[in-house]
Structures are given as structure tokens and as C-alpha cells.
Amino acid sequence: MEHTQSVSENAAPLELIKTHCPYCALNCGLHLEVGADGIEGRSKWKESPLTEGALCSKGMTAHEQVHHEDRLLRPLVREGSDFTETTWDEALDRAADGFLRIARTNGAAANAVLSGGSLTNEKVYLVGKLARLGLRTPNVDYNGRFCMTAAGAAHSAAFGVDRMMTPLAELENAEVVVVIGANLSAAFPVALPKLLDGVRKRGGRVIVVDPRRSRFVKPDDLHLQLRPGSDTTLFNALLADVIHNGLIAGEFIRDRTNGFDLISRAMRMFDLEAAALDCDVPADDLREAARLIGSTRQTMYLHGRGPEQQVGGVDNVRAIINLGLACGHVGGPGRGINMLTGQRNGQGGREWGQRCNQLPAGRSIENDEHRAVVAERWGVTAADLPRTGLTYVEILEAAGRREINGLLAICTNMSVSAPDLNQVDAQMRALDHVVVIDPFFSRSARHADVILPGTTFAEESGTITTIEGRVVRIDQAVPPAPGRDDIEILRNLAERFGVAQHFEFETPEQVFTEMRAVSAGGPVDYAGMTYSRLRQSDGLFWPCPTIGHAGTPQLFTKRFATEDGRAHFAPVLETPPPEPISDHRPLVLTTGRELAQYLSGNQTMRIPAQNRIASRPVLEVHPDTATAARLVEDELVRITSSVGTSTVAWRANPDLRPDTLFLPYHWPECNRLVAAHLDPICKIPAFKYTAVAIQPAPAGTLGANELAGQDPASVHTNETIRT
Ligand SMILES: Nc1nc2c(c(=O)[nH]1)N[C@H]1C(S)=C(S)[C@@H](COP(=O)(O)OP(=O)(O)OC[C@H]3O[C@@H](n4cnc5c(=O)[nH]c(N)nc54)[C@H](O)[C@@H]3O)O[C@H]1N2
Ligand SMILES: Nc1nc2c(c(=O)[nH]1)N[C@H]1C(S)=C(S)[C@@H](COP(=O)(O)OP(=O)(O)OC[C@H]3O[C@@H](n4cnc5c(=O)[nH]c(N)nc54)[C@H](O)[C@@H]3O)O[C@H]1N2
Ligand code: SF4
Ligand SMILES: [Mo]
């Protein structure tokens, strides 16, 4: 651990611990100021990579969660409808016994693990290992299934791996930037909006593809305000126009890709005017976008969850990739087709084996060579490793059918974040044994039999892989308040499952050393990274195969990671939503982020400064739509979908399409409305498209603002759960 010192107001020396914000994948660097009483504040880490000391309001207050009065400090076990405190040993015994009993009676696959992309790489690795070797279940998946799997599946198929291909600082060399379904002002508020300003100042153009005009969009940008769900049609139209006007990169296509002929033939049938009507975007704007994109090699694409959280999520991303590849927008300065990873460790979270189809270091659980390598390095036989299991929503659905009976949930809060919460509540209730590991009592924890107090970012060391694919370190600032950390909890469970020999780690660094060895030669290679190299540098980008290797910030300069070394085109067509808008439900509800809150809110909703900015869900409605629906200012609105009804506050937003509504997702009111429709390839839920109707809420309806205070599910303290 590297320590520097600073002086606090009363002149007592404070230790400065370098770390990274625990919320979004920008992983802004910061210093925690540690004194005799623990964390006393935070200060700038000016030299931190990419973000250079800047923080959004969430990062400024993130440390307040560490010593928060709501922290779970002692394990809890269910006694009837209450929880009582107990010892670690008793809670761990009860947690493990429940799973062992279920495995004996119903088979190992009747237990499942759901985890999260906010865990450090070390914990992700141990979660996957515990599921496969300890519980011996195939059914382990993580909340990145809700987030990065459409982008991941599309990029892996096209390029061989799924990581941001061009570092974000390269935006300084881009002439055109295409932002597709990403709300940079709310979701990536540091560094990115500023980098886009730089592009504009140099005379470059920003093209935005989004049904909503967010704050980062400027008047001179070209905004294609498309019909929700129509990204594939729109990108096919751009590709057809680029081909028609001879703006493709012929040499690049010939030397470095395959499958273009098929695409090019398919695109000949494509009519831009018809596509423009279909997407509800002016045809001239599409032509202008195609001309801008195709006339420079320096075009960079940034795609967020807008096109991805759809039933055609993977195809939407492939349509973006087809266009970028045809124009040669990869493999060099100022260009790249970049996915914007979301959670703190959304990148590492999908590399280290907590996905149902994956072994560590991006290896496939169905590939016999990959199985053999991991089995050998784990000291087991390949036959011991389970095969592909169910994905997140499928696990919950299997619980509802009582095919899965035991659930270990670490770092995920399904009872706010999964689609169709009415069903999720029933599915969670149908489980016989639920163990939750979380620093705070979550809405999901209401269903737990055992709650084990989890670790906050300041209480552990480890590594995180940032949005760019840069592996960075976090250092422990204070000891874990509950007395043990997540890694120790996982080890304690492993001991009780009889596999202690596979979990003999005293420190996170020892876990990382094993991970490096397991990753050597794999698709995601960390072998050349050490904790001290990570600290001495600005972090290292994978692949980094040897100690002397400088890491790989820019991917695909000469070769793609596919077997043939080429990038692959794939023709795609728009997938219609299973429940399109109709006379009955004429509006599209789309959902997403609020700047001040993070995901299910279980951390940020406990921080007063964040709640002052955003304390309840507020539906955004175009003013014409509000008038047509006779909504009344300052009164509530009732939203009805095919699966649920929610009553919330609303406000007019002229920057939305009139047929589209936007609701921030951080409160349960949102996912009560969203049905569990999944992309058939990657099983991401279609969070961005729900057909709904709105009407003024009947007078006297209990509004969301009251609910947030009263619903015991929304925010818990140690006090409320024991009474
Ligand atoms: N403040 C804050 N920041 C966060 C998070 C947070 O919870 N709070 N979460 C982090 C995580 S995990 C993630 S994944 C990222 C998400 O980051 P983003 O993807 O940037 O955020 P979202 O708000 O989900 O929505 C993305 C955009 O998609 C648009 N959209 C909706 N439907 C469509 C469509 O059909 N096509 C297109 N092209 N666009 C559409 C919406 O209007 C919205 O502007 O944010 C990260 N950052
Ligand atoms: N309608 C709609 N729904 C969505 C989305 C949307 O745009 N619209 N976005 C989706 C996306 S992109 C995502 S990423 C998912 C997120 O879905 P969730 O899995 O619900 O994500 P979090 O709210 O971060 O839940 C993490 C939980 O783990 C705890 N935690 C945090 N760090 C740690 C740790 O280190 N150890 C332990 N033990 N616990 C920890 C937190 O307190 C919290 O309770 O939600 C998705 N749901
Ligand atoms: S939430 Fe994201 S942008 Fe805000 S400080 Fe944390 S890492 Fe940076
Ligand atoms: Mo996410």
C-alpha cells in the first residue's frame, strides 16, 4: 500500500489512500483522507488517469457510505418474519447448510448464484470459482446480463473480444463522434462531455442517435431523434448510403474483414427514404450523417444502453459495427467503435468467470481446450466443471417454477433492477433458501434467510478494469466494519462446502497472482500485470502477457482477435418489439439514469446530498403529450403497461419525442412496468421499450414521493429491519 500524508484542519496528519470511485465505469480517481477515526474526507488525485481528479456529485460523496449508520455490521438470520443478529459462525453455517441440503435433495443445479459488476476482479473470480467448485452448479450469472451482454455478444462475434477498442483520450483526434443511446450528461458526466467539447472546438461534428435530447447535446450537433427500437434500420440506412456514395474503405475491407459481399448485396435493396420514414428521422439528416461519417477515417462511435437493452440489442450493435467496419473506423488514432461499459467493474465483471457461459479470463465454458486449461490450473479435472447454466432472468424464472430453490446473491439487487418486479417478488418468495451479501439492507434482502454484511470500496484492496480496459488498483483505507470482508466470506463458505483447498488466499494480491496464471495465453491476458506494476503506472491495458509488456491501450492495430484475424460483418434486420405500441397503450416508455443516483439506489439513496438532488422517480413527458393526456401540473400520473401500474410525479420535457416517455429506473416504480422480454441471443432485458398508457392519477393516490419514505422496501436502516 502506498501512503502519502496531508494535514487536516486541526493539524493531525491524515493518510491519503489512492482509490477509484465505486460507482460508474469511468472509475474517477480520488484520495481518501484517513485519520484516527476512519475516513474523514476525500481530496483530489489530480494525476489520476483520464479523469484527472474531477468527480461528479456521486463521487464527491461516495466515501459517506463507508461509516454510514445504515451499514450492516453483524450477520442477520431470519426468525419468522423478522431478522435477528447472530455470530458469523452461526450465520455462515446456516447459509452453507441450506445450500448443501438443497443440493442433496434436488441436485446441485437447484442452487444458483447471482452476482455483480461492481465487485473487484478478485471477487468476481472467486464467485465463479465458488459456484463451479463449491456449489458445483452451472447456474451462476451476474447483473451485467442487464447491461453489457448485447454489446459483448456483438463485439465478440465481430472482433473476437469485447473491450473498448480505442482509449477515450483518442477523442482528441476524432473528427466525427457518433453517440448512440448514451446519456453522457447523466451517466458519464466526467471527461466525456469535455472531450466532446474539444471535438466541436476543433470544428469536428457530434452526431447523436437518441429519442431524447440530453444536456450534453449542443445546438450544432446533428441529432437523429429516432423512434425507439429502430437503430438497426437507421444504421442499415446509413450503411446503404455510404456504399451508394462510394465512401467505403475498400482496401481495409479487402485486407482485414470478411462477409462484406453479403452485406453489400443486402444493402442494395435498402431504401433510405423508406428507412427515414420508418425511423421517423428526416431523410436529409440521414444523408448528412452518412456523408459526415463516411468522409473521414477519424470517426469514433460511443454506444450506450439505448440500442442495447432491446429485444434486438445484439443486432443493433452489429448494425453499428457494420457501418464502422465498412468505413474502416477501427484500429488507429481518432477512430474506434467503442462500447461504454457501465458499472464500476463492468469490464472486469464480464471477464473473470461469473457469467453462466464463461470460465475465467474470457474463456468459454463450452470450449474443451478452455475447460482443460482452467481445470488444470485449478487442479481439478475438466469433467468436474459444469457446463453452461441459466442467465439472470432465467434463474429467477426457474425459481418461480421451483426448479431452483437456493440463491446466493452478492452485489446485486434484483428486487429493483430486474424486469417485471411483481413477478420477481413472487419468484424470490418461491425460493427455499436465500443468502444475501451486501453492505446495506437491500430491497432484495427482504427475501433473505441469511444476510451477511458485505464490504464497501474503502475496506478492501483489489483491482478494477475501467471502461477503457485499463486495470487499476484500489487500496484498503480502513478495515472492514463488519469484521470480515467479502473475500473472507467467500472463503468461509468454500470451507463449509468442503473445498477449502481451492481458496487458500490470505490477501487479494494472492488471488490476483492465481488469476494472472489462469489467464496466461487466454483471450483476456493479465499475466504480465502485478500489483506493484499497476501502482507504478497509470494502470495497464490487457492484453499484457509478460512482465516486460507495456499493455495494449489500442486494440486491433494489425489483427482482430477472431480465429482468422479478420473482423466479421453480419447482415441484420430490425427485431420488432413483442408488445408494440397500440391504441390501447400508445406511448413508448424508455428508462435510464439520473445523475445523482446509482443503479438500484441501495448506496446513493442513503446519502443526503444525492437525495436532495433526486429523491423520487419523475416521469418525463413531452408537453404536447401531457396536454393530450390531461396531466395536471404538480399532480401525479398513473402509468400502465401489460405487467404493472405505477404512480409517480411527472414533468414536461420538450426534448423528448412526443411518443416517448422517460422514467429513471433507480426506484421500484420503474421495473414494475417493464416486462421480461429478452434478446434471444444474449438474454438482455428490453429495458428501453415498454408500451404504456398514461392518465392523471385519481385524486388521493399515494404518490411515489410518499412511497419512498414509507415503503419499507425502499430504504432501510438497521433500526427498521429489526422491528
Ligand atoms: N448517474 C449514473 N450514472 C451511471 C449509472 C447510474 O445508475 N447513475 N449507471 C452506470 C451503468 S451500470 C450504465 S450501464 C451506464 C448507462 O449509461 P447510458 O446508456 O448512457 O444511460 P441510460 O440512461 O440507460 O440511457 C441511454 C440513452 O438511451 C436512450 N434510448 C432509449 N431508447 C433508445 C433507442 O431505441 N435507441 C437509441 N439509440 N437510444 C435510446 C435514452 O434516451 C438515453 O439517453 O451508466 C453508468 N453511469
Ligand atoms: N428499467 C431499467 N432497469 C435496469 C436498467 C435500466 O436502464 N432500466 N439498467 C440495468 C443495468 S445497466 C444494470 S448494470 C443493472 C444493475 O442492477 P443491480 O444488480 O441491482 O445493481 P446495484 O444496484 O449496483 O446492486 C448492487 C448491490 O450490491 C451492493 N454492493 C455494491 N458493491 C458491493 C460489494 O463490493 N460487495 C457486496 N457484497 N455488495 C456490494 C449494493 O449495496 C447493492 O445493493 O440494472 C439494470 N436495470
Ligand atoms: S459516478 Fe462515475 S463520473 Fe461520477 S465520480 Fe464516480 S466514477 Fe466519476
Ligand atoms: Mo449497467
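Calculation criteria
- Residues numbered from 1 in each chain as written.
- Chains lettered and ligands numbered in written order.
- Predicted model: local features only at pLDDT ≥ 70, side-chain atom pairs only at ≥ 80, totals over all residues.
- Heavy atoms only, no water.
- Phe/Tyr/Trp six-rings, centres within 6.5 Å; stacked < 30°, edge-to-face > 60°.
- Helix = DSSP H or I, 4+ residues; strand = E, 2+ residues; numbered from the N terminus.
- Buried < 20%, exposed > 50% of the residue type's maximum accessible area, 1.4 Å probe, protein only.
- Lys NZ or Arg CZ within 6 Å of the ring centre and 35° of its normal.
- Axes fitted to C-alpha atoms, helices over the stretch in contact; angles between N-to-C directions.
- Parallel < 35°, antiparallel > 145°, perpendicular 65-115°, else oblique.
- Contact = heavy atoms within 4.5 Å.
- Nonpolar A, V, L, I, M, F, W, Y, C, P; charged D, E, K, R; others polar.
- Salt bridge = Lys/Arg side-chain N within 4 Å of Asp/Glu carboxyl O.
- Core = buried A, V, L, I, M, F, W, Y, C linked by side-chain atoms within 4.5 Å.
- Domains from an automatic or database assignment.
- Buried area = accessible area lost by both parts, 1.4 Å probe.
- Polar contact = N/O pair within 3.5 Å; in protein donor to acceptor, adjacent residues only side chain to side chain.
- Expected span 1.5 Å × (residues − 1).
- Bend = angle between axes of the 7 residues up to and from the residue.
- pLDDT = per-residue confidence, 0-100.
- Left-handed = near helix turned anticlockwise from the far one by under 90°.

Thoughts on the packing of aromatic side chains
Item 1. For the structure shown, the criterion picks out 14 aromatic pairs.
Item 2. Ring centres 4.3 Å apart and planes at 40 degrees place the aromatic pair Phe146 and Tyr392 in the tilted group. Linking Phe146 in the loop between β8 (140-142) and α4 (149-159) with Tyr392 in helix α15 (residues 392-400), this pair joins segments that are 246 residues apart in sequence.
Item 3. For Phe146, a relative accessible area of 6% gives the class buried.
Item 4. With relative accessibility at 0%, the residue Tyr392 sits in the buried group.
Item 5. Lying across the ring of Trp542, Arg163 places its NZ or CZ 5.6 Å from the centre.
Item 6. Between the NZ or CZ atom of Arg212 and the centre of the ring of Phe662, over which it lies, the distance is 4.3 Å.

Brief notes about the packing of helix α7 (residues 231-244) against helix α9 (residues 260-268)
Item 1. Contact geometry of α7 with α9 gives a least axis separation of 9 Å together with a crossing angle of 95 degrees. The pairing of α7 with α9 is recorded here as roughly perpendicular in orientation. From α7, Asn236, Leu239, Ala240 and Ile243 reach across to α9, where they touch Phe260, Ile263, Ser264 and Met267.
Item 2. Counted by class, the contact of α7 with α9 contains 6 nonpolar, 2 polar and no charged residues.

Quick word on the pattern of salt bridges
Item 1. Throughout the structure, instances matching the rule amount to 38 salt bridges.
Item 2. A salt bridge links Asp93 to Arg496; its shortest N-O distance comes to 2.7 Å. With Asp93 in helix α2 (residues 88-106) and Arg496 in helix α18 (residues 486-496), this residue pair connects regions lying 403 residues apart in the sequence.
Item 3. For Asp93, a relative accessible area of 34% puts it in the partly exposed group.
Item 4. Taking the shortest distance from any N to any O, the salt bridge between Arg657 and Asp659 comes out at 2.8 Å.
Item 5. Overall, the relative accessible area of 7% leaves Arg657 in the buried class.
Item 6. A network of salt bridges, in which partner residues are shared, links Asp197, Arg200, Lys218 and Asp221.

Section: the nonpolar core
Item 1. Formed by 113 residues in total, the largest nonpolar core has its most connected members in Phe159 and Leu234.
Item 2. In this structure, this core is formed jointly by two domains, domain 2 (76-147 + 345-541) and domain 3 (149-339), each of which donates at least three residues.
Item 3. Not counting the four nearest positions on each side in its chain, Phe159 is found in contact with Met165, Ile321, Leu325, Ile337, Phe556, Phe560, Ala561, Thr562 and Ala567.
Item 4. Ranked by size, the runner-up nonpolar core spans 64 residues in total, among them Val217, Leu302, Leu340 and Ala629.

Points about the domain arrangement of the chain
Interfaces are often sized by the amount of accessible area the parts lose when they come together.
Item 1. As assigned here, the chain comprises domain 1 (3-65), domain 2 (76-147 + 345-541), domain 3 (149-339) and domain 4 (587-715).
Item 2. Taken together, the 28 residues of domain 3 in the interface contact 23 residues of domain 4.
Item 3. Between domain 3 and domain 4, the buried area comes to about 1,900 Å², and carbon and sulfur atoms account for 59% of it.
Item 4. Across the contact surface, domain 3 and domain 4 share 2 salt bridges.
Item 5. The salt bridge partner of Arg212 is Glu620, with a shortest N-O separation of 2.9 Å.
Item 6. In this assembly, domain 3 and domain 4 are joined by 10 residue pairs in polar contact (both at pLDDT 80 or more).

Things to note about helix α3 (residues 121-135)
Item 1. Its 15 residues give α3 an end-to-end C-alpha distance of 20 Å, which sits within 8% of 21 Å, the value for a rise of 1.5 Å per residue.
Item 2. By the largest-angle criterion, Lys129 marks the main kink of α3, which is about 25 degrees.
Item 3. Within α3, 15 of the 15 residues are buried, which leaves it mostly tucked inside the rest of the structure.
Item 4. Just beyond α3, the residue with positive phi is Arg136, at close to 55 degrees.

Overview of the confidence of the model for the chain
Item 1. In this model, the chain carries an average pLDDT of 95, and 95% of its residues clear a pLDDT of 70 or more.
Item 2. For the stretch residues 704-723, pLDDT sits under 50, and the model shows 33 contacts to residues farther than four places along the chain or on other chains.

Observations concerning the packing of α4 against helix α13 (residues 313-326)
Item 1. The geometry of α4 relative to α13 is characterised by a closest axis approach of 8 Å and an angle of 45 degrees between their N-to-C directions. Accordingly, the angle class assigned to the pair α4 and α13 is oblique. Once α4 is placed against α13, the crossing between them reads as right-handed. Contact residues: α4 offers Ala150, Ala151, Ala153, Ala154, His155, Ala157, Ala158 and Phe159, while α13 offers Gly313, Val314, Val317, Arg318, Ile321 and Leu325.

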